[in-house]
Amino acid sequence: MAELSPKDRLKIPRQHIPEQDPEIRKHNFNEVNLGYTPEMAMLEAQRCIMCKKPLCIAGCPVAVKIPDFIKMIAEGKFREAAAILKEDNALPAVCGRVCPQEEQCEKVCVVGKKGQPVAIGHLERFAADWERQNIGIQIPPMKEKSGKKVAIVGGGPAGLSCAGDLIQMGHDVTVFEALHDIGGVLIYGIPEFRLPKSIVKAEVEGLENSGVKFVKNYIIGLTETIDELLERFDAVFIGVGAGLPYFLGIPGEHLNGVYSANEFLTRVNLMKAYNFPEYDTPMFDVKDKNVVVFGGGNTAMDAVRTALRLGAKRGIIAYRRTEAEMPARIEEIQHAKEEGVEFMLLVAPIELIGDEEGWLKAVKLQKMQLGEPDSSGRRRPVPIDGAIEILPVEVAVVAIGNGSNPIIRQTTPDLKVNKWGNIIVDMDTMKTSKRGVFAGGDIVTGGATVILAMGAGRKAAKAIDQYLRDPDSWDRPKTEQVEVAQESK
Amino acid sequence: MNRIVEARFIGPEIKLFKIEAPKIAEKRKAGQFIIIRVHEGGERIPLTIADSDTSNGTITIIVQGVGKTTKHLNMLNAGDFVQDVVGPLGRPSHIENFGTAVSIGGGVGTAIAYPTAKALKEAGNYVISIIGGRSKEYVILEDEMRKVSDEVYPTTDDGSYGYHGFVTGKLQELIDSGRKIDFILAIGPIPMMAAVANLTKPYGIKTVVSLNPIMVDGTGMCGGCRAVVNDKTVFVCVDGPEFDAHQVNFDILTKRNKMYLVQEKHSLENFMCHYDNLFFSALNEVKEKV
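Residues numbered from 1 in each chain as written. Chains lettered and ligands numbered in written order. Predicted model: local features only at pLDDT ≥ 70, side-chain atom pairs only at ≥ 80, totals over all residues. Heavy atoms only, no water.

### A word on the overall build of chain A
Moving on, step 1. Along chain A, the regular secondary structure elements total 20 helices and 15 strands.
Moving on, step 2. Here chain A has a C-alpha radius of gyration of 23 Å; the compact-globule value for 489 residues is 23 Å, and the two agree.
Moving on, step 3. A principal-axis box enclosing the C-alpha atoms of chain A has dimensions of 65 × 60 × 50 Å.
Moving on, step 4. Counting over 489 residues, chain A shows a buried share of 58%.
Moving on, step 5. Within chain A, counting contacts between residues at least 6 apart in sequence, those at least 24 apart form 69% of the total. (Helix = DSSP H or I, 4+ residues; strand = E, 2+ residues; numbered from the N terminus. Rg over C-alpha atoms; globule rule 2.2 N^0.38 Å. Buried < 20%, exposed > 50% of the residue type's maximum accessible area, 1.4 Å probe, protein only. Contact = heavy atoms within 4.5 Å.)

This is the structure:
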């Protein structure tokens, strides 16, 4: 291939990823994005100008060597591209789909300064998909066995990423999962049309083939405590997620038809209630019904788009601020709009109204306006006096976030948590107050993203590796530890 | 996959199972439950652990066949497997020496009351058990209850056995006779638990009930099992399942448990129809062979 000049590269337009037509996809659960062809991927990869000091790597929570893998794609060396990805990312096919690249690697991409950034996420997805579909997920090179054992609590993004790194570092890794399938939010939360479950399954199988052991239906805290785990493992990583849904605290929350987003999505995704009665788990029949979702995050978008696919007459997002403040990815908001989701902005639910039998019939909404910025820097919504609207709905889904699950902290009294119940850690090493125990992901930060949880899992893996090779390092002051870590690099 | 090592009917549509689950058998305390999934594609349902045996690593559950999942489970026998068992879930019963404790079990609720009655007895309480059923064959675990109780009163709605009337009638009789009662545990259908709560409230007797809402994960993640206790939202799976009976909003609990009545009926009909078909096609095969 002739070497392109940076100027030539900048002339290539960003390759749009093919998508299912909105009119068709809103009636099915198949994936919305269809992925690049090899030709499109190679063309897109040529847009990367191979910066000498790439900013994209620093923009990635798991520090994928982005220019390196993109270069391989540009040269048509897809196998090599996938191998480079997996050195830093245990779940590339997942991340290529659900990471908010526009806030991370692509946000700082130099090509994006003048035009559109390189489609790093789409390329990541392409390389991972190509490997899985053409040669099967390859086992990355492993270090010599250390003979040390690590228990990972929770089979979600944080735990899987931590497990993926630790197994490569030569340790014996066992993941304990409370549910009957591995993947955490990747399988119960994120819908099929955004992240096919077969992809999660394949990436988990990839880890299994690398030697990671998985124990399902096993609740740390109840089936076995953290202290008991420490008797048979050299270190423990807690990545149990947030996992305790917030409700609104308004009258009528107990009416039939009111769901947390977690329950609504779990019934559909994990339990496959959309296939009832073929699958046993029932759910409220939303066909031809009006469904409102409270919240403006990715989970809210997932819930409302799921409702439309289940045949809802109207799928409405009710959010108390404006679209600019919505935490959801722009792509998700865009996809939701294309599929016919209605957006009611600057409204806050104040009461859920039901009939005598306890079924939801309507929601009372308070209209809001934006006031002064709050602690998050976003303008605070304030009620407009007397501006009330009644919206007839049969189903309401509450997608306003999660608190911390109490099971671990209730059964591990010497594990320090903050006032919200989140585990307190040293953010450089993810060490908790308890010797040999590390934590990361939503149980530390509160509800965040898949990739941030994976980043925390990686950071913890590095620190766990150091601790296993030199247990005395636990007590050493932090500055010395950092030095040791750098030397060992 | 967990193997069933023993399965036998102890009442009409009421079956006792001993299932291999060594870790749960070792850990579980009175009042805790498991979530079970009978087969791949099955729903997750909560069932209270009635007993356990650490010597062979089994837990005992008692199942009343009502809907599709429980009827399917009740078709299984020793040697069969269930897909998933997870637990022990929920907070254990609060056990102390109250003095005189009355444990009340209505129907299959007796199976849930039994482990707590046993723990109360072991803690030194004088235990009186009232175990009710529609008729004689619905009164279960009488022998087991006798072993852990100082007095046992079976009751039947139709008078076919023991006291003729509801469990609340017998409880009222005990109270009227001037017996000093320090603690009551009542487990059974919601109307029964609500009736016991109403009865004991004026006397100020501490009364605890175990709630049985619809659940999915059983670990606090979905919030589907939320109930109202003392005007506050609780998640029964992690905050319960036992609560102060005088603070439980039974009306909301009743309505929420009806959420999937239509689907449950549909699912059950589908299932029974499927089994009828299997039965008839097997029958036809036999006939053809003959």
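### Comments concerning the packing of aromatic side chains
Moving on, step 1. Counted according to the given criterion, the structure contains 13 aromatic pairs over all chains.
Moving on, step 2. Ring centres 5.5 Å apart and planes at 65° place the aromatic pair Phe78(A) and Trp130(A) in the edge-to-face group. Here Phe78(A) is found in helix H6 (residues 78-88), whereas its partner Trp130(A) is found in helix H9 (residues 120-134), with 52 residues between them in sequence.
Moving on, step 3. In textbook terms, an aromatic cluster arises when at least three aromatic residues are bridged by ring pairs, as seen for Phe29(A), Phe193(A) and Tyr274(A).
Moving on, step 4. Cation over ring: Arg134(B) sits above Tyr138(B), and NZ or CZ is 4.1 Å from the ring centre. (Phe/Tyr/Trp six-rings, centres within 6.5 Å; stacked < 30°, edge-to-face > 60°. Lys NZ or Arg CZ within 6 Å of the ring centre and 35° of its normal.)

### Some remarks on the pattern of salt bridges
Moving on, step 1. Under the definition given, this model contains 57 salt bridges over all chains.
Moving on, step 2. Residue Glu342(A) is joined to Arg314(A) by a salt bridge in which the shortest nitrogen-to-oxygen separation is 2.6 Å. Taken together, the positions of Glu342(A) in strand S9 (residues 342-345) and Arg314(A) in strand S8 (residues 314-319) put the pair 28 residues apart, joining distant regions of the chain.
Moving on, step 3. With relative accessibility at 29%, the residue Glu342(A) sits in the partly exposed group.
Moving on, step 4. A residue is classified by how much of its surface remains accessible, and Arg314(A), at 28% relative accessible area, is partly exposed.
Moving on, step 5. In this structure, Glu151(B) engages Arg179(B) in a salt bridge whose closest nitrogen and oxygen atoms are separated by 2.6 Å. With Glu151(B) in strand S11 (residues 151-156) and Arg179(B) in the loop between helix H5 (167-176) and strand S13 (183-187), this pair connects stretches of sequence that are 28 residues apart. (Salt bridge = Lys/Arg side-chain N within 4 Å of Asp/Glu carboxyl O.)

### Remarks on the side chain of Thr432(A)
Residues and elements named next belong to chain A.
Moving on, step 1. Structurally, the position occupied by Thr 432 is in the loop between helix H17 (407-411) and strand S15 (437-439).
Moving on, step 2. At 2.8 Å, the side chain of Thr 432 forms a polar contact with the backbone oxygen of Val 437.
Moving on, step 3. If we skip the residues at most four places from it in the chain, Thr 432 touches Leu 415, Ile 423, Ile 424, Val 425, Val 437, Phe 438, Ala 439 and Trp 474. (Polar contact = N/O pair within 3.5 Å; in protein donor to acceptor, adjacent residues only side chain to side chain.)

### Section: the domain arrangement of chain B
Residue and element names in this part refer to chain B.
Moving on, step 1. The assigned domain composition of chain B is domain 1 (2-89) and domain 2 (100-257).
Moving on, step 2. Counting from both sides, the interface comprises 18 residues of domain 1 and, opposite them, 21 residues of domain 2.
Moving on, step 3. Together, the buried faces of domain 1 and domain 2 total about 1,600 Å²; carbon and sulfur atoms form 66% of this surface.
Moving on, step 4. Three residues, Pro 12, Phe 33 and Arg 44, lead the burial of domain 1 against domain 2; their summed loss comes to 24% of the area buried on that side.
Moving on, step 5. On the surface where domain 1 and domain 2 come into contact, there are one salt bridge.
Moving on, step 6. Here Asp 51 makes a salt bridge to Lys 118, at a shortest N to O gap of 3.3 Å.
Moving on, step 7. At the boundary of domain 1 and domain 2, one finds three residue pairs in polar contact (both at pLDDT 80 or more).
Moving on, step 8. Looking at the side of domain 1 that touches domain 2, the elements with two or more residues in it are strand S1 (2-11), strand S3 (33-37), strand S4 (45-48) and strand S6 (58-64).
Moving on, step 9. Grouping the constituent residues of the side of domain 1 that touches domain 2 by class yields 11 nonpolar, four polar and three charged. (Domains from an automatic or database assignment. Buried area = accessible area lost by both parts, 1.4 Å probe. Nonpolar A, V, L, I, M, F, W, Y, C, P; charged D, E, K, R; others polar.)

### Looking at the sheet that holds strand S10 (residues 126-133) of chain B
All names here are of chain B.
Moving on, step 1. On the basis of which strands lie adjacent, the open sheet formed by seven strands has the order S12-S11-S10-S9-S13-S14-S17 and mixed pairing. A single partner strand is all that each edge strand has here, and the edge strands are strand S12 (163-164) and strand S17 (242-244).
Moving on, step 2. When S13 meets strand S14 (residues 206-210), the two strands line up parallel, connected through four bridges. Paired with Ala 186 across the two strands is Val 209, which belongs to S14.
Moving on, step 3. Each of strand S9 (100-106), S13 and S14 is contacted by helix H6 (residues 190-200), which is oriented at about 160° to S13, the strand it contacts most. (Pairing = 2+ DSSP bridges. Axes fitted to C-alpha atoms, helices over the stretch in contact; angles between N-to-C directions.)

### Digging into the interface of chain B and chain A
By a widely used convention, the size of an interface equals the accessible area lost when the partners come together.
Moving on, step 1. Facing the 43 residues of chain B at the interface are 46 residues of chain A.
Moving on, step 2. Of all residues in chain B, Met221(B), Arg226(B) and Met259(B) bury the most surface against chain A, accounting for 18% of the area lost on that side.
Moving on, step 3. For the pair chain B and chain A, the number of links is two salt bridges.
Moving on, step 4. In this structure, the salt-bridge partner of Lys27(B) is Glu228(A), at a minimum N-O distance of 2.7 Å.
Moving on, step 5. Summed over the shared surface of chain B and chain A, the number is 19 residue pairs in polar contact (both at pLDDT 80 or more).
Moving on, step 6. Of all the secondary-structure elements, those providing two or more residues to the side of chain B that touches chain A are helix H1 (22-27), helix H2 (68-73), strand S8 (84-89), strand S15 (226-229), strand S16 (232-235), helix H8 (250-256) and helix H9 (261-289) of chain B.
Moving on, step 7. If you tally residues by element for the side of chain B that touches chain A, the top one is S8(B), at six residues.

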